[in-house]
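Observations on chain architecture
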Amino acid sequence: MLLENKTAVIYGAGGAIGGAVARTFAREGAKVFLSGRTLGKVERVAKEIVAAGGTATAFQVDALDEEAVESHVAAVFKSSGRLDVSFNAITPIPQPGTQGIPIAQLSVDSFTAPITAYMRSHFLTARAAARRMAGQGSGVLLMHTPEPARLGAALVGGMGPAWAAMEALNRNLSAEFGARGVRAICLRSTGMPETETIEVVFGLHASAMGIPREQFLGFIESLTHRKRSSKLSEVADIAAFLVSDRGSGITGTVANLTGGLIVD
């Protein structure tokens, strides 16, 4: 198994992306510590993992709360004696009022809200993990962005700048901690219709354009080489490989899972 004897912390584990990655990590042998603001959602994922023979523990953690993040990571590290992977998959703000609105019509607060929330959370979780990982001489900081982090896209408000800032933070983390054995990697996919968030987001964009949601989805997928969106299973499988020892040569970069929508 790729992640045997590894310990992973996953924020937003009750969501589609966090849950998919948690299940895959556990299937590959990792002990996963799952967290989210809604404990019931996280517990359901943990129970599924345990029922399938994996090891998972659920916690209620607000990944925007500095004290909560630090306490949680300290407890995990004390329990396991190490921390090998930290993956932040939270969606900290609702998308209505943020996307599907021309920039010129956004308030300052609506524009800056995602930038502030995403950067605060990713800074807090990365800092807490990197401190422990640097001390043990190994570890991987993992994050996920969609294609507007790189491409110019209309009607995404402050989300595009927020995702771009996450990728910049990823590079900086690698530069600062790479010499101490800590890798930083970002997964970049298309929006995934399997997730509730993209159901909402694509609906907002379709409404703004005056077309059905299915037509907007078809347009986005037509821009890819494969003529389809990224799949949750693809993101989770690549995540497991990248954080494993087989991915040890990869850091400070973005793994491109956009199916040709972005060509590097």
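Quick notes on the rules
Residues numbered from 1 in each chain as written. Predicted model: local features only at pLDDT ≥ 70, side-chain atom pairs only at ≥ 80, totals over all residues. Heavy atoms only, no water. Helix = DSSP H or I, 4+ residues; strand = E, 2+ residues; numbered from the N terminus. Rg over C-alpha atoms; globule rule 2.2 N^0.38 Å. Buried < 20%, exposed > 50% of the residue type's maximum accessible area, 1.4 Å probe, protein only. Contact = heavy atoms within 4.5 Å. Areas by Shrake-Rupley, 256 points an atom, 1.4 Å probe, with all protein chains shown as cover. Lys, Arg positive; Asp, Glu negative; His and termini not counted. Charge placed at Lys NZ, Arg CZ, Asp CG, Glu CD. Axes fitted to C-alpha atoms, helices over the stretch in contact; angles between N-to-C directions. Parallel < 35°, antiparallel > 145°, perpendicular 65-115°, else oblique. Nonpolar A, V, L, I, M, F, W, Y, C, P; charged D, E, K, R; others polar. Expected span 1.5 Å × (residues − 1). Arc of directions from axis to C-beta. Phe/Tyr/Trp six-rings, centres within 6.5 Å; stacked < 30°, edge-to-face > 60°. Pairing = 2+ DSSP bridges. Right-handed = clockwise from strand over helix to strand, strands pointing away.

1. Observations concerning the overall build of the chain
Along the chain, the regular secondary structure elements total eight helices and seven strands. Since a compact globule built from 264 residues should have a radius of gyration of about 18 Å, the 18 Å found for the chain is in line with a globular shape. Its C-alpha atoms put the chain at 55 × 40 × 35 Å along the principal axes. A total of 264 residues make up the chain; the buried ones form 51% of that total. For the chain, restricting intrachain contacts to residue pairs at least 6 apart in sequence, the fraction spanning at least 24 positions comes to 75%. Accessible surface, the chain as shown: approximately 11600 Å² in total, 54% of it carbon and sulfur. Here the chain contributes 25 positive and 23 negative side-chain charges, whose respective centroids are spaced 4 Å apart.

2. Side note on the side chain of Ser 86
With respect to the secondary-structure elements, Ser 86 resides in strand 4 (residues 85-88). Apart from residues lying up to four places away in sequence, Ser 86 is in contact with Val 9, Tyr 11, Thr 125, Ala 129, Met 133, Val 140, Leu 141 and Leu 142.

3. Some words on the packing of helix 6 (residues 196-209) against helix 7 (residues 213-222)
Following both chains from N to C, one finds helix 6 and helix 7 inclined at 100°, their axes separated by 8 Å at the closest point. Between helix 6 and helix 7, the interaxial angle falls into the category roughly perpendicular. Across from Ile 198, Glu 199, Phe 202, Gly 203, His 205, Ala 206 and Met 209 in helix 6, the residues of helix 7 making contact are Arg 213, Phe 216, Leu 217 and Ile 220. Taken together, the residues of the contact of helix 6 with helix 7 sort by class into seven nonpolar, two polar and two charged.

4. Some details on the environment of Gly 181
By the element assignment, Gly 181 lies in the loop between helix 5 (159-177) and strand 6 (182-189). Judged by relative accessible area, Gly 181 falls into the partly exposed class, the value being 31%. Sequence separation of Gly 181 and Ser 248 is 67 residues, and the distance between their C-alpha atoms is 9.5 Å. The contact partners of Gly 181, leaving out residues within four places of it in the chain, are Gly 137, Ser 138 and Gly 139.

5. Some thoughts on helix 2 (residues 39-51)
Its 13 residues give helix 2 an end-to-end C-alpha distance of 18 Å, which sits within 8% of 18 Å, the value for a rise of 1.5 Å per residue. Along helix 2, the positions that sit buried rather than exposed are Val 42, Val 45, Ala 46 and Ile 49. Down the axis of helix 2, the smallest arc covering the buried residues is 100°, so these residues share one side. Facing away from the buried side of helix 2, by more than 90 degrees, are the exposed residues Arg 44, Lys 47 and Ala 51. Tucked inside the fold, the buried residues of helix 2 contact helix 1 (16-27), strand 2 (31-36) and strand 3 (55-60).

6. Considerations on the packing of aromatic side chains
This model, assessed by the stated rule, comprises two aromatic pairs. Pairing Phe 202 with Phe 216 gives two aromatic rings, centres 5.1 Å apart and planes at 80°, and the pair type is edge-to-face. Taken together, the positions of Phe 202 in helix 6 and Phe 216 in helix 7 put the pair 14 residues apart, joining distant regions of the chain. For Phe 202, a relative accessible area of 6% corresponds to the buried category. Note on Phe 216: relative accessible area 7%, which makes it buried.

7. With respect to the pairing of strand 5 (residues 139-146)
Extensive coverage of strand 5 is indicated by the burial of eight of its eight residues. Pairing of strand 4 with strand 5, which is carried by four bridges, proceeds in the parallel orientation. Across the sheet, Phe 87 pairs through a bridge with Leu 142, a residue of strand 5. The parallel pair strand 4 and strand 5 is bridged by helix 4 (residues 108-136), and the resulting crossover is right-handed. Pairing of strand 5 with strand 6 involves eight bridges; the strand directions are parallel. Note that in strand 6 the partner of Gly 139 across the bridge is Val 182. Running through helix 5, the crossover from strand 5 to the neighbouring parallel element strand 6 is right-handed.

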